[in-house]
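Residue strings, one per chain:
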Amino acid sequence: MARRQVLREDRVTLSADLRAFEGRIGHRFTRPELLRQAVTHGSVATPGRTDNQRLEFLGDRVLGLVMAEALLAADPEATEGQLAPRFNALVRKETCAEVAREVGLGDVLKLGRSEMISGGRRKMALLGDGMEAVIAAVYLDAGHAAARDLVLRLWGARIGRVEADARDAKTALQEWAQARRMPPPAYAEVAREGPDHAPRFTIEARLADGRAARAEAGSKRQAEQAAAQALLAELEETRQP
């Protein structure tokens, strides 16, 4: 009885926006403190408020296991060489950020003033990290089965179309340009942030006609791929020849 009372009192302290977020992801926490930690960025952490970095570390591994299981079950005949790019497409930071946007994670992130001013709620890295932290929070709150159900539900159709998503984005963008008799795309580093042991690169991919897109990642190679993917997505949306 005492534990139930504590849970009820703790749930009262969960803000309305986080309760709404529970509904969007389809999981109601018995330990709400896990959700609060999952949405707390390091820029706002205090001695009494733990940030989501440790949960992000765990969530990355939980997501990887779920996706590896899902891909093996979906294609029993696939080789490791076929599975690897599909896996990478499903667990990369850009995909996590896309899922985070779909469930409105940015709206409930707890950020420091500097991150708020710089548009942290829209940053791919913060959204991707936060999504991994949420996965870990569900795992710790209710176990592997609940985390697996969450991931499979939120990733949804992406798993079925992963073959197309797994194409090398830089190669695909170069082929797009060549097919239109344009020079190869150019890639430029426009920003670098963070300490030397954990840098974050922002890369711009640009076509000769001026169309461009930017992306951020932990390595130049990943950022280039992400920028190429972002530009391909814009080209698909506009469907310009």
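A short tour of the structure in this document, coming up.

Reading the values: the criteria
- Residues numbered from 1 in each chain as written.
- Predicted model: local features only at pLDDT ≥ 70, side-chain atom pairs only at ≥ 80, totals over all residues.
- Heavy atoms only, no water.
- Pairing = 2+ DSSP bridges.
- Helix = DSSP H or I, 4+ residues; strand = E, 2+ residues; numbered from the N terminus.
- Expected span 1.5 Å × (residues − 1).
- Buried < 20%, exposed > 50% of the residue type's maximum accessible area, 1.4 Å probe, protein only.
- Axes fitted to C-alpha atoms, helices over the stretch in contact; angles between N-to-C directions.
- Contact = heavy atoms within 4.5 Å.

Let's shift gears to the pairing of strand β1 (residues 186-193). Alignment of β1 against strand β2 (residues 200-206), held across seven bridges, turns out to be antiparallel. In the sheet register, A191 faces β2, and the bridge partner there is T202. Hairpin connection from β1 to β2: six residues lie between these consecutive antiparallel strands, with G194 at a positive phi of about 90°.

A separate point is unusual backbone geometry. Peptide bonds are, in most cases, trans, and in most cases residues other than glycine have a negative phi. In this model, R181 sits at a positive phi of 55°, which is unusual for a non-glycine residue. With respect to the helices and strands, the residue R181 is situated in the loop between α12 (169-179) and β1.

Between its first and last C-alpha atoms helix α5 (residues 80-91) spans 16 Å; for 12 residues at 1.5 Å apiece the expected length is 16 Å, and the two agree. All of the buried residues in α5 are L83, R86, A89, L90 and V91.

To continue, consider the sheet that holds strand β3 (residues 212-217). Across the sheet, three strands lie side by side as β1-β2-β3; this open sheet has antiparallel pairing. This sheet does not close on itself; its edge strands, each paired only once, are β1 and β3. Averaged over all neighbouring strand pairs, the angle between strand axes comes to 20°, with direction disregarded. Those strands touched by helix α13 (residues 220-238) are β1, β2 and β3, and its axis lies near 145° from that of β3.

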